[in-house]
Structures are given as structure tokens and as C-alpha cells.
Amino acid sequence: MSTTRLLNKIDRRLTQLTLAPIEVFVFHCVSDTFDPSLCQRQDWTPTNYFKHQIQQLKSQYTFIPLPEVYHRLTHDRFRRTKYAALTCDDGNASILSILPFLSSEQVPVTLFINPKYLDGISIRENYCSNPLYITLDQLSAIQSPMVNIALHGFKHDDCTLMSRADFDASVSKCEELLKQHPRYINYYAYTWGRYNDTTQSVLRERNIIPLFCDGASNRRYRDGISRRCIDTPGTVRL
């Protein structure tokens, strides 16, 4: 074994011993019953099950805001507390009914928004459903310190299919629209978890923290923050 490989192995082992993992969870649509016209089944979580899952996770983790996750991943030298963060992608209108519950449970959440659909008119192309998204007025009304607002691409395009210039323009447009919100933070959740060296480079240049959806835990910050989906009954997910 080379010296470099041995040192990397020792570093990984020390990290496992000294830094408890931080889990970041993601969900999409939460409602009492599944409506195929509003979301895909793999994106849906029943309301009661969602609440039960959150309460179960609270018994295992201390929930913190996403910016604190980043701070701990970049600064902690020793961590025993099991931390977790909650995120929500797309901005489905169903999240509005969940926010009071999360607030009562003292669980902070970051909403990753596609600004194109804040007009309440536009529909998502190449999608089997017609999600009902929150509107700009509804987003502006969210002022709770328990909620942060962040980037998810302008219209949920696969950014790995974009040129560097097009992706940069999309991020710029997202920032321009969402930075007006007082709860905005500079974090970007990749749509479908897809990214490449080009997208990573653009976000680094803009000082934006990327989030993946690779099902991994986090101990230190390594080019982005990993997430895992909240399990839905009968659905196998990362």
C-alpha cells in the first residue's frame, strides 16, 4: 500500500471515530391522499406518515438549519451529537400545510425553489404531472425564522445537459429572483441530483454551496452536502 493510500485510510478512520455523521433529509410533496395529477408517486409522502417520520427522527437527531450543517462540516474537529437537517425540493404547494407542523416541532427546513413556477401559471415541461406550486405571494408570506429559501434551478432542467454559459445564466436568474426573499441562503440543490465538473465550477465561482441526492451521510464538507430521501411506504429510494 502506498504512503498516500495509507494516510487516506488513516484519515477516514479518524474521521469515523471523531466526527458523528450529519444526515440531511429531502422530501417533495406531502398530502393526505395521492393525486397523480399533482405529483409522481415517488415524490409523495402521506401527511400522517410524514409527521410520524419527523417525530421519529427527532428522537434520534438534533435538527439544525442547513447553514449550521455547512458550518459544522467545515469547522468541527470533534462531534458526538447526531445532527440532521430537513430540506424540501420543487416548491410544491402542499408544503404550506406542513410548515405549521414543522414550526411546532421546532424543525427548521430549507425550501429549494424553481422560480419559473412562482407565477402560478407555468407548467413543468416533460413531466407526467402538473404540480401545483406555491406562488410568489405565498413565498413572500413565508417569514418564519424556521424556514430558509434556496436555489433549485430556474425550471427544473437537467443542468448536466446545459452549456456552461446556459447553466451560469440559469443560476444567475434564480439568484436574482430569490435573493429578494429575506430568508434566502446561497445553497443549490441539483435537480434529480445530477451534476458534473462544469456545474460544480460555476457554483464555486458564485460562492454557492451544492447539495446532492446520493443517499450518503456527511462527516466533513467535500465539494457539497449529501442528502437522502425520507422514506415513503412501499417505495424504495436512496
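The structure this text deals with has already been given above.
Reading the values: rules and limits
- Within each chain, residues carry numbers counting from 1 in the order of the written sequence.
- Only residues with pLDDT of at least 70 get local features here, since the model is predicted, and only at 80 or more are side-chain atom pairs given and counted; chain-wide, interface and lining totals rely on the full set of residues.
- With hydrogens and water set aside, each side-chain value is computed from the structure's full complement of heavy atoms.
- Definitions used throughout: a 1 Å grid over protein atoms alone; a cavity as a set of points that fits a 1.4 Å probe which cannot get out; a pocket as an open set with protein on both sides within 12 Å along at least five of seven lines; a lining residue as one with an atom within 4 Å of a point.
- Grid points are joined across faces, edges and corners, and a volume is the space filled by probe spheres set on the points.
- Charged means Asp, Glu, Lys or Arg here, nonpolar means Ala, Val, Leu, Ile, Met, Phe, Trp, Tyr, Cys or Pro, and polar covers whatever is left, Gly included.
- By definition, disulfides here are pairs of cysteine sulfur atoms that lie within 2.5 Å.
- Using a 1.4 Å probe on the protein chains alone, a residue whose accessible area is under 20% of its type maximum counts as buried, one over 50% counts as exposed, and one in between counts as partly exposed.
- Per the convention used, a helix needs a DSSP run of H or I reaching at least four residues, while a strand needs a run of E reaching at least two, with both numbered from the N terminus.
- When DSSP locates at least two bridges between a pair of strands, those strands are taken to pair.
- Looking down the strands as they point away from you, a crossover is right-handed if its path from the first strand over the helix to the second goes clockwise.

Trainee: Hey, could you go over empty space enclosed by the protein for me, with residue numbers and the actual values?
Mentor: In total, this model carries two cavities of 30 Å³ or more according to the counting rule given. Here the largest cavity defines a volume of roughly 60 Å³. Taken together, His 28, Cys 29, Leu 38, Cys 39, Asp 43, Asp 90, Asn 92, Arg 124, Tyr 127, Pro 131 and Tyr 133 make up the full set of residues lining the largest cavity. Of the residues in the lining of the largest cavity, the class split is six nonpolar, two polar and three charged.

Trainee: Just give me the short version of the state of the cysteines, but keep the residues and values in it.
Mentor: Counted according to the given criterion, the structure contains zero disulfides. A disulfide-free cysteine, Cys 229 has its sulfur positioned 3.9 Å from the sulfur of Cys 213, the nearest such atom.

Trainee: So, the pairing of strand β6 (residues 109–113): which residues are in play, and what are the values?
Mentor: The buried count for β6 comes to five of five residues, which makes it a mostly enclosed element. A two-sided burial pattern is seen for β6, the buried positions comprising Val 109, Leu 111 and Ile 113 on one face and Thr 110 and Phe 112 on the other. Pairing analysis gives five bridges linking strand β5 (residues 83–90) to β6, with the strands arranged parallel. Following the sheet pairing, Leu 86 is matched in β6 by Val 109. A crossover links β5 with its parallel partner β6, the connecting element being helix α4 (residues 95–104), and its sense is right-handed. When β6 meets strand β7 (residues 147–151), the two strands line up parallel, connected through five bridges. Residue pairing across strands places Val 109 opposite Val 147, the latter belonging to β7.

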